[in-house]
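Single-letter residue listing:
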Amino acid sequence: MAASIPPDKAQSLPNNILIKEDPEAEECVNGSTEDCTIKRDPVVPLLSPVSGLQPLVWSEDHRLAVCTSGSLSVMELVCDVNNSNLDLTLHRTSIAVPTEAHRFQGGPAAEFAEAVEKFSTHPDPYIRQVFLADTVMNPALGGHKGIKHAAWSPLGCDLNGCCLLACLTLDNRLTIHNSHKRLEWNTLVNLSKKYSNRLKEQGYAGKDNKPPLANLLDFDELQRRFRMQTPLRMEWSSIYTVKHFQPNNTCIDIEMVLLAVLMENGDLVLWKFVLPFLNGDGVEFFDLMESGVTSPSDLAWWEYENGERRMSGLIVGSEVGPVKIMPVSLPGVKGYFTLRHPIILWKECDEIAVGNLKCISMVHPIQKTSCSLIVASRGCYVFWCLLMISPAGLNVHNSHVAGLHSLPVLSLAVSRHGIAVYTCSIDGWIKKLTPTFTENSLIFKQEDVVRPESITARRIHSIAVSYNGAYIALVSTQGMVCGYHPINRTYQVHFMTLKTPEMASALLLESPIQNLYRMTDLLDLVRWQILKDKCIPASLMDELEQKIRETDSTYLWRFKLFLVRILCQSLQSPLTEHRWKPSQEGSQVVDSQDQEDTKDMEGSSYEEERSEVKQEATYEEKLAQTQALIGSIEKHLMRENMKKVLGAVYLNTCITQNTSIPTCGLMEYLSGDANDRDLEVLIGHIKKKMAKQTFSEHCSLCREVLPFSDHKQTVCENGHLWLRCVLSHQACQSLTFRRCLLQDSIAKLPEPEEPEWIKKLLQAPCTLCDSPMI
């Protein structure tokens, strides 16, 4: 029911607000106008050494997980509009490595104890040494402490609409965590324990459910039982919508996500999570697939979508070379079909291990069809495979990119906006690969990513690229000092920009996501530019105003509000004088020459003070106008949300139903706009439906009527003040409520007796900044 605003009614910046007329591109280290590597502060020190093969993992909700030997460190990038500091704002939390020991059980305790005694003193030296050196089978060996791997789920899997975190420790404990109020992490379920109990109930049978013929006293059987429980990697799928039939024969849509776990024996265990995931009751075993890959090394999801045709698979890499895709069957998901047989992407057993598997869904720019680009590291080379589905069948094109590094590729990261692949080797060199399509294949353009001088002398362990490709994070240790390796290594996480603020602004204006929160890393680049220049680029503001006049999108109004709030923050001068310090006034005896010099100095200082006063008055005037503009944009966004709420009230209420929404107050608040014909029609329909009935809000303390005169708060006649929910505009009269991530507004918690459409309204993000309510 939102109405469009004429061009002459569109709000714009005042004439005397600072706007940068000729925006200049940032001085890039590598001279590129689109990709710019500039080091950003702060440099984050780590308390423990990094662990695992891929220590850095970046999530869709802009949190960076760092695997260390002491904990899983999490750094959340926050684009704080109330912070005038040029440094990145990082909110740090951590998940400690459990102190209690974790051991798998392969059978009855007495039988396992007998097997341990037998193989510890076995006459065959090969069997004896293999058993004694295996930390999983041999209980005499202490398990390693640290994090082996971490994986983030898609956005919207937990109760707050954020990401779940799967954590695998070096002692093979796989757990699922969620963030509680951004302060602590809760363990929701232990999948390793859950799967071990399942195998124990089935007698450690395989996929065919046939009981094993041998017992634990057979060394091959002992290895099989432990390898089928030992996870190596795990990866999340996309979110799927499936049809669910209830006992009353009604059908509802539920959302689910799959977690694929690669076991040491090559098995693929799939777990199904019903969303939003709250605890262990919402997870169930989905499927078990035998990949047949010996010595598996890495795992990635392959998801293909072209119109209504969709399918999924799991890419499995091996330590000896082969790469294959295992089809995944998804019954009940509309439009999905399954591959008949596994797809071999690389079949040569050349003893070159596969690592850093990544899959990118893209559109072929020449053939205009959906395709998938799969990349992985194999020694010093980068393996790539292009999958395209045509009416003739599945086309597979693969090759290797050689000549990148002289040492093995240590880490590989992918930027999905402006497809690019970043690789780094153990010597610290970072390369950028940009794919260029030909008619049936593709070629890669190779570039060096120039690092700042403070990083060139450090050894890089891993890299990761933010969700929208604005930043690259790398973890490093101190290099050689005076030709010698230091005794104590210092582990640090560095951040570098990959795009210029101008490029980030262009991506924000053309964003298909239409959500500011999901573009936080790009927003932070724009914030950084405005705070440095103390002005908004004229080209950005002109294009934004033009788009608002054309489409009048709520997303564009929120983007404009963000720009003006950052400008207001840059105009506020910090406090330079300490008011607690005493003044330096005192009588002194001076001669005549000193008096003349003093008079000259006083004259010059007086002129300087006058100019400073004028400048301060000008800044105060600009600051006041900017703050007024912020208020008008916020009011516009609130009015648009009120129209949305009234539309939901009209569609979901009966004639005499009290919805607890302040309907009459919202209509009176909005009725002053005579230029909005759609709003007048909506209000007329609601008044006719209500039939002169009013359902006023009452104060819970004194039962007086709560008026609706302000969208932020309400005060009854006895002076009781209540804040209003930014989503439903109800008065929050309970002790607990939710607050926006950037603390812009609050939202009430849904009551059990409230209808489903009100609960759906309360699940929306913040009206002002798109951030989730926590």
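The protein goes by Ral transcription factor IIIC subunit 4 in an unreviewed UniProt entry, where it is assigned to Takifugu rubripes.

Helices and strands together make up the secondary structure of the protein, namely 13 helices and 34 strands. For the protein, with 774 residues in total, the buried portion stands at 50%. Taking the contacts inside the protein whose residues are at least 6 apart along the sequence as the reference set, 59% of them involve residues at least 24 apart. Carbon and sulfur atoms make up 51% of the accessible area of the protein, which totals about 37400 Å².

Let us look at helix H9 (residues 554-571). An ideal rise of 1.5 Å per residue puts 26 Å on 18 residues; H9 measures up with 26 Å between its terminal C-alpha atoms. Burial analysis of H9 places 17 of its 18 residues in the buried class, the great majority of the element. One side-chain oxygen of the residue at the start of H9 lies 3.2 Å from the amide nitrogen of Tyr555, identifying that residue as Ser553.

Spatially, 4 strands are ordered S11-S12-S13-S14 in an open sheet, and the strand pairing comes out antiparallel. Edge positions in the sheet fall to strand S11 (231-245) and strand S14 (283-290), since each of these pairs with one other strand and no more. For this sheet, the mean angle separating the axes of adjacent strands, direction not counted, is 25 degrees.

With respect to topology, 4 strands assemble into an open sheet ordered S23-S24-S25-S26, the strand pairing being antiparallel. Unpaired on one side and paired on the other, strand S23 (409-415) and strand S26 (442-448) mark the two borders of the sheet. The mean inter-strand angle of the sheet, taken between neighbouring strand axes irrespective of direction, is 25 degrees. Two strands pair when backbone bridges link them, and strand S25 (residues 430-437) and S26 are joined in this way by 7 bridges, in the antiparallel orientation. Across the sheet, residue Pro435 finds its bridge partner in S26, namely Phe444.

With that settled, consider the packing of aromatic side chains. Enumeration over the complete set of coordinates arrives at 14 aromatic pairs. Summarising the aromatic geometry, the rings of Phe119 and Phe131 are spaced 6.0 Å apart at their centres and angled 45 degrees between planes, so their arrangement reads as tilted. Linking Phe119 in helix H1 (residues 109-120) with Phe131 in helix H2 (residues 125-133), this pair joins segments that are 12 residues apart in sequence. Of the two residues examined, Phe119 and Phe131, each falls in the buried class. Note on Phe273 and Phe277: the rings are 4.9 Å apart at their centroids and 80 degrees apart in plane angle, and the pair reads as edge-to-face. With a relative accessible area of 1%, Phe277 lands in the buried category. By the ring-pair criterion, three or more aromatic residues cluster together here, those being Phe119, Phe131 and Phe219. The ring of Phe285 carries Arg198 above its face, with NZ or CZ at 3.6 Å from the centroid.

So, on to the pattern of salt bridges. Using the criterion set out here, one finds 27 salt bridges in the structure. The partner of Asp61 in a salt bridge is Arg63, and the shortest N-O contact between them spans 2.5 Å. The shortest N-O distance in the salt bridge between Arg677 and Glu680 comes to 3.4 Å. One end of the pair, Arg677, and the other, Glu680, are both in helix H12 (residues 677-690), 3 residues apart, so they sit about a helical turn from each other. For Glu680, a relative accessible area of 35% puts it in the partly exposed group. Connected via shared salt-bridge partners are Arg40, Asp524 and Arg527.

Looking at the element boundaries, Ser196 is found in helix H3 (residues 191-201). In this structure Ser196 comes out as buried when scored by relative accessible area, which is 15%.

Next up on the list: the environment of Leu262. For Leu262, the location among the structural elements is in strand S12 (residues 251-263). Sequence-wise, Leu262 and Pro231 are 31 residues apart; in three dimensions their C-alpha atoms are separated by 5.7 Å. Non-local contacts of Leu262, meaning those with residues more than four positions away in its chain, are made with Thr230, Pro231, Leu232, Arg233, Asp267, Leu268, Pro296, Ser297, Asp298, Leu299 and Val316.

Both faces of the sheet carry side chains from a regular strand, because those side chains alternate between them. Judged by how many residues are buried, strand S21 (residues 381-390) sits mostly within the fold: 8 of 10 residues are covered. As paired elements, strand S20 (residues 370-378) and S21 share 8 bridges and run antiparallel to each other. Within S21, the position partnered with Leu373 by the bridge is Leu386. Once S20 ends, the chain turns through 2 residues before running back antiparallel as S21, passing Gly379 with a positive phi of about 70 degrees. Bridge count between S21 and strand S22 (residues 393-401): 9 bridges; the pairing is antiparallel. Opposite Ser390, over in S22, you have Gly393 as the bridge partner. Connecting S21 to the next strand, S22, in antiparallel fashion are 2 residues.

Of all hydrophobic cores here, the largest spans 91 residues; its most connected members are Leu64, Val493, Phe495, Phe559 and Leu563. Top contributing element to this core by residue count: H9, with 12 residues. Aside from chain neighbours lying at most four places away, what touches Phe495 is Ile38, Lys39, Arg40, Pro42, Val44, Trp58, Leu64, Met75, Leu88, Leu90, Ile472 and Ala473.

Okay, unusual backbone geometry next. A cis amide bond links Asp41 with the next residue in sequence, Pro42, at an omega value of 5 degrees. If you trace the backbone, Pro42 turns up in strand S2 (residues 39-45). With an omega of -5 degrees, the peptide bond between Leu275 and Pro276 qualifies as cis. Checked against the element boundaries, Pro276 lands in the loop between strand S13 (267-274) and S14. Positive phi, normally seen in glycine, also occurs at Tyr204, with a value near 60 degrees. A relative accessible area of 5% places Tyr204 in the buried class.

Another point: the pairing of S11. Relative to S12, S11 is paired through 12 bridges, and the arrangement is antiparallel. Within S12, the residue paired with Pro231 across the bridge is Met263. Here S11 hands over to S12 after 5 residues, with Asn249 in that stretch at a positive phi of 70 degrees.

Turning to a nonpolar patch on the surface, a few remarks are in order. The grouping of Val715, Leu721 and Leu723 at the surface amounts to a nonpolar patch, some 220 Å² of accessible area in total. Residue classification places Leu721 among the partly exposed residues on the basis of a relative accessible area of 45%.

Moving on, we come to the state of the cysteines. Per the counting criterion, the structure on display carries 0 disulfides. Not engaged in a disulfide, the cysteine Cys740 finds its nearest cysteine sulfur in Cys769; these two sulfurs lie 3.4 Å apart. Assessed through its relative accessible area of 3%, Cys740 is described here as buried.

When you line up the elements, Ala764 lands in the segment after helix H13 (756-761). Of the residues examined, Ala764 reaches a relative accessible area of 22% and is grouped as partly exposed. Placed 603 residues apart in sequence, Ala764 and Gly161 show a C-alpha to C-alpha distance of 9.4 Å. When residues no more than four places from it in sequence are discounted, the contact partners of Ala764 are Leu727 and Met773.

Rules and cut-offs
- Each residue is numbered by its place in its chain's sequence as written, counting from 1.
- Totals for whole chains, interfaces and linings use all residues, but because this is a predicted model, local features are given only for residues with pLDDT of at least 70 and pairs of side-chain atoms are given and counted only at 80 or more.
- To get the side-chain values, take all heavy atoms of the structure and skip hydrogens and water.
- Numbered from the N terminus, helices here are DSSP runs of H or I no shorter than four residues, and strands are runs of E no shorter than two.
- Only protein chains enter the accessibility calculation, which uses a 1.4 Å probe; a residue whose area is less than 20% of its type maximum is buried, one above 50% is exposed, and one in between is partly exposed.
- By definition in these notes, contact holds between two residues if any of their heavy atoms fall within 4.5 Å.
- For the accessible areas, the method is Shrake-Rupley and the probe is 1.4 Å, while residue cover comes only from the protein chains on display.
- Given a helix with a known number of residues, its expected span is that number minus one, times 1.5 Å.
- N or O atoms closer than or at 3.5 Å make up a polar contact, with two conditions inside protein: a donor-capable atom paired with an acceptor-capable one, and, for residues adjacent in sequence, both atoms drawn from side chains.
- Strand pairing follows a simple DSSP-based rule, namely that at least 2 bridges must link the two strands.
- In this analysis an axis means a line fitted to C-alpha atoms, helices contributing only their contacting stretch, and an angle means the value between N-to-C directions, from 0 to 180 degrees.
- The rule is short: rings of Phe, Tyr and Trp, with Trp giving its six-membered ring, pair when the centres are within 6.5 Å, and they are stacked under 30 degrees, edge-to-face over 60, tilted in between.
- Two thresholds decide whether a charge sits over a ring: the Lys NZ or Arg CZ must be within 6 Å of the ring centre and within 35 degrees of the ring normal.
- Basic side-chain nitrogens of Lys or Arg form a salt bridge, by our definition, when they fall within 4 Å of a carboxyl oxygen of Asp or Glu.
- Joining through side-chain atoms within 4.5 Å is the link that ties buried Ala, Val, Leu, Ile, Met, Phe, Trp, Tyr and Cys residues into a set, and such a set is a nonpolar core.
- Candidates for patches are residues over 30% relative accessible area with no salt bridge; among them, like charges are joined within 9 Å and nonpolar side chains (Val, Leu, Ile, Met, Phe, Trp, Tyr) within 5 Å.
- When the sulfur atoms of two cysteines come within 2.5 Å, that pair is taken as a disulfide.

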